[in-house]
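Each chain, letter by letter, is given below.
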Amino acid sequence: MNSRREFELAFVGLKPGIHAYDYKITDRFFEAYQQQDFTHCDAEVKLFLEKNLGFMLLRFEVTGTVNVFCDRCGNPLPLELWDEFQVIVKLVEDPEIMNQEEEDPDVYYISKGESHLHISDWIYEFINLSIPMQRMCKVEDIGGPYCNKEVLEMLKKLDREKSEPANPLWKGLEKFKDLDK
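### Looking at the pattern of salt bridges
- Counted by the stated rule, this structure contains six salt bridges.
- The partner of R5 in a salt bridge is E8, with the nearest N and O atoms 3.9 Å apart.
- The exposure class of E8 is partly exposed, given its relative accessible area of 26%.
- Between D37 and R135 there is a salt bridge, with the nearest N and O atoms lying 2.9 Å from each other. Separated by 98 residues along the polypeptide, D37 in the loop between strand 2 (17-26) and strand 3 (39-51) and R135 in the loop between helix 2 (120-130) and helix 3 (149-163) bring together distant segments of the chain.
- Given a relative accessible area of 44%, D37 falls into the partly exposed group.

As structure tokens, this is what we get:
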């Protein structure tokens, strides 16, 4: 089976109601996309498709782990993924115009003549959105097995230097700082 065909859902023959699908996502899935800023993806995506007359509600549940580089020390750091996303797919006559005019990113239009949903782009987007913007271990885990001890010591040293008192020669001049106001 073609790896991309795995992410096409044939919804025409489905009865109204909820249908569940499971997808195992690894680094191989991302080969069709640009290079990622994470590695060792081991994610599971559960898709619940609720078919109704004229529309479908898709609920994606993302779980698993990825390795990212820590923003604090630069070492590889495993991160847990967990998130939920919903997309409403509506069947309409002219989906191109409707998709251009729609402001809600969670609503998508397809033609009434369509028979398949292509969900790989949504899975790609939802896994990337599940990764936090700030990629660091928790404060209580600093100095743990994933941390670069040398970088942490350098950061502590820089922090101490920043907190040292300023040159006493300049101390009295601070009162003249905002005189032009």
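### Here we look at the sheet that holds strand 2
- The sheet built from five strands is open, its strands ordered 2-3-4-5-6 with mixed pairing. Two strands lie at the open edges of the sheet, namely strand 2 and strand 6 (107-111), each paired on one side alone. Direction aside, the axes of adjacent strands within the sheet are offset by 20 degrees on average.
- Here strand 3 pairs with strand 4 (residues 55-69) via eleven bridges, running antiparallel. Paired with V45 across the bridge in strand 4 is V62.
- Together, strand 2, strand 3, strand 4, strand 5 (76-92) and strand 6 form the strand contacts of helix 2, whose direction differs from that of strand 5 by roughly 140 degrees.

### Points about a negative patch on the surface
- On the surface, a cluster of negative charge is contributed by D104, D106, D121 and E125.
- Mapped onto the elements of the fold, D106 is located in the loop between helix 1 (95-101) and strand 6.
- Look at D106 and you get partly exposed, because its relative accessible area is 38%.

### Things to note about a nonpolar patch on the surface
- Taken together, the side chains of L173, F176 and L179 make up a nonpolar region of the molecular surface, amounting to roughly 320 Å² of accessible area.
- Position of L179 among the secondary structure elements: in the segment after helix 4 (168-171).
- Residue L179 is classed as exposed on the basis of its relative accessible area, which comes to 58%.

### So, unusual backbone geometry
- Located in the positive-phi region is H40, a residue other than glycine, with phi close to 50 degrees.
- Tracing the chain through its elements places H40 in strand 3.
- For H40, a relative accessible area of 55% gives the class exposed.

### With respect to helix 2
- Taken residue by residue, helix 2 has S120, W122, I123, Y124, F126, I127 and S130 as its buried positions.
- Contact partners of the buried residues in helix 2: strand 2, strand 3, strand 4, strand 5, strand 6 and strand 7 (116-118).

### Quick word on the nonpolar core
- Core analysis: the biggest nonpolar cluster contains 41 residues, and I25, F60, L117, I119, I123 and I127 have the highest contact counts within it.
- Broken down by secondary-structure element, the contributors of at least two residues to this core are strand 2, strand 3, strand 4, strand 5 and helix 2.
- For I25, the residues in contact, after removing those within four places along its chain, are F7, F30, C41, D42, A43, V45, I123 and I127.

Calculation criteria
- Residues numbered from 1 in each chain as written.
- Predicted model: local features only at pLDDT ≥ 70, side-chain atom pairs only at ≥ 80, totals over all residues.
- Heavy atoms only, no water.
- Salt bridge = Lys/Arg side-chain N within 4 Å of Asp/Glu carboxyl O.
- Buried < 20%, exposed > 50% of the residue type's maximum accessible area, 1.4 Å probe, protein only.
- Helix = DSSP H or I, 4+ residues; strand = E, 2+ residues; numbered from the N terminus.
- Pairing = 2+ DSSP bridges.
- Axes fitted to C-alpha atoms, helices over the stretch in contact; angles between N-to-C directions.
- Contact = heavy atoms within 4.5 Å.
- Patch = residues over 30% accessible without salt bridge, like charges linked within 9 Å, V, L, I, M, F, W, Y side chains within 5 Å.
- Areas by Shrake-Rupley, 256 points an atom, 1.4 Å probe, with all protein chains shown as cover.
- Lys, Arg positive; Asp, Glu negative; His and termini not counted.
- Charge placed at Lys NZ, Arg CZ, Asp CG, Glu CD.
- Core = buried A, V, L, I, M, F, W, Y, C linked by side-chain atoms within 4.5 Å.

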